[in-house]
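Below are the chains, spelled out letter by letter.
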Amino acid sequence: LLLGVVFLFALRRGATWGAWVGVALGLLIGIEQPHALGRDCLALYLAGLFIGRASVGLDRGNPLVQVGLLFAGAVVADLVRVIGLAPGDPLALPLLFLRWVVPAALYTTIVWPSLLWGFRRVLGQKGWMPNAP
């Protein structure tokens, strides 16, 4: 779910902010799991960079665009993690993609907007995300 924080910064501030927030959160993950330090930093960095660059020509205030960017960023981040965990067999990668990447990306895409919507409803605001510029 830390990808959601990277997503918000990349969408509102751009690719540079998204990438740096991804690196910072990847380092925080590394405190808990030191064996995955570089993999998680790279995954969140690339997701922040991808979301920030992909959102340049799009309507960032449109919820469908936001959900699509969140799903694509989650696929990028989880694909980097799976490639780091994949065995030496290149034929195992499509199976790992279908078994781990797609469900994890769907989970992030469903849970993150739901949490944001719930928090904003408690605060008395409309919508599921603050309007992006």
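Anyway, here's the lowdown on the structure attached to this text. Note that the coordinates shown come from a computational prediction; the quantities given were computed from them, not determined experimentally.

Criteria and cut-off values
- Residues numbered from 1 in each chain as written.
- Predicted model: local features only at pLDDT ≥ 70, side-chain atom pairs only at ≥ 80, totals over all residues.
- Heavy atoms only, no water.
- Axes fitted to C-alpha atoms, helices over the stretch in contact; angles between N-to-C directions.
- Helix = DSSP H or I, 4+ residues; strand = E, 2+ residues; numbered from the N terminus.
- Parallel < 35°, antiparallel > 145°, perpendicular 65-115°, else oblique.
- Left-handed = near helix turned anticlockwise from the far one by under 90°.
- Contact = heavy atoms within 4.5 Å.
- Nonpolar A, V, L, I, M, F, W, Y, C, P; charged D, E, K, R; others polar.
- Core = buried A, V, L, I, M, F, W, Y, C linked by side-chain atoms within 4.5 Å.
- Buried < 20%, exposed > 50% of the residue type's maximum accessible area, 1.4 Å probe, protein only.
- Phe/Tyr/Trp six-rings, centres within 6.5 Å; stacked < 30°, edge-to-face > 60°.
- Expected span 1.5 Å × (residues − 1).
- Polar contact = N/O pair within 3.5 Å; in protein donor to acceptor, adjacent residues only side chain to side chain.

1. Thoughts on the packing of helix α1 (residues 2-13) against helix α2 (residues 15-32)
Then, number 1: Put simply, α1 and α2 touch, their axes get as near as 7 Å, and they point 160 degrees apart. Judged by the inter-axis angle, α1 sits roughly antiparallel to α2. Every pair of crossing elements has a handedness; the one defined by α1 and α2 is right-handed. In contact with L2, V5, V6, F9, A10 and R13 of α1, α2 contributes A15, W17, G18, V21, G22, L25 and I29.
Then, number 2: Of the residues that constitute the contact of α1 with α2, the class distribution is ten nonpolar, two polar and one charged.

2. Section: the nonpolar core
Then, number 1: Counting residues in each nonpolar core, the largest one holds 16 residues, and the members touching the most others are L3, V6, L25, L44 and A77.
Then, number 2: Elements with a minimum of two residues in this core: α1, α2, α3 (37-54), α4 (63-85) and α5 (92-122).
Then, number 3: The element contributing the most residues to this core is α4, with five residues.
Then, number 4: The contacts of A77, once residues within four sequence positions are left out, are L3, A43 and A47.
Then, number 5: Grouped together as the second largest cluster of nonpolar side chains are eight residues, A10, L70, W112 and L116 included.

3. Points about the packing of α2 against α3
Then, number 1: Two elements in contact, α2 and α3, have axes whose closest approach is 7 Å; the angle formed by their N-to-C orientations is 160 degrees. It follows from the interaxial angle that α2 and α3 lie roughly antiparallel. Viewed along their axes, α2 and α3 form a crossing whose handedness is right-handed. On the side of α2, the interface is formed by A15, G18, A19, G22, V23, L25, G26, L27, I29 and G30, while α3 contributes L37, D40, C41, L44, Y45, G48, L49, G52 and R53.

4. Regarding the packing of aromatic side chains
Then, number 1: Applying the stated criterion across every chain yields a total of one aromatic pair.
Then, number 2: Here the aromatic rings of F9 and W17 are separated by 6.0 Å at their centres, their planes lie at 5 degrees, and the arrangement is stacked.
Then, number 3: Residue classification places F9 among the partly exposed residues on the basis of a relative accessible area of 31%.

5. Some words on the environment of A36
Then, number 1: Mapped onto the elements of the fold, A36 is located in the loop between α2 and α3.
Then, number 2: For the pair A36 and G26, spaced ten residues apart in the sequence, the C-alpha separation amounts to 9.0 Å.

6. Quick look at α4
Then, number 1: When the terminal C-alpha atoms of α4 are compared, their 33 Å separation across 23 residues agrees well with the 33 Å that a helix rising 1.5 Å per residue should span.
Then, number 2: Considered for burial, the residues of α4 that qualify are Q66, L69, L70, G73, A74, V75, A77, D78, V80 and V82.
Then, number 3: Its buried side turned inward, α4 meets α1, α3 and α5.
Then, number 4: In this structure N62 caps α4, since a side-chain oxygen of it lies 3.1 Å from the backbone nitrogen of L64.

7. A word on α1
Then, number 1: Across its twelve residues, α1 extends 17 Å between first and last C-alpha, which sits within 8% of the 16 Å expected from 1.5 Å per residue.
Then, number 2: In this fold, the buried residues of α1 make contact with α2, α3, α4 and α5.
Then, number 3: G14 sits one or two residues past α1 and shows a positive phi near 110 degrees.

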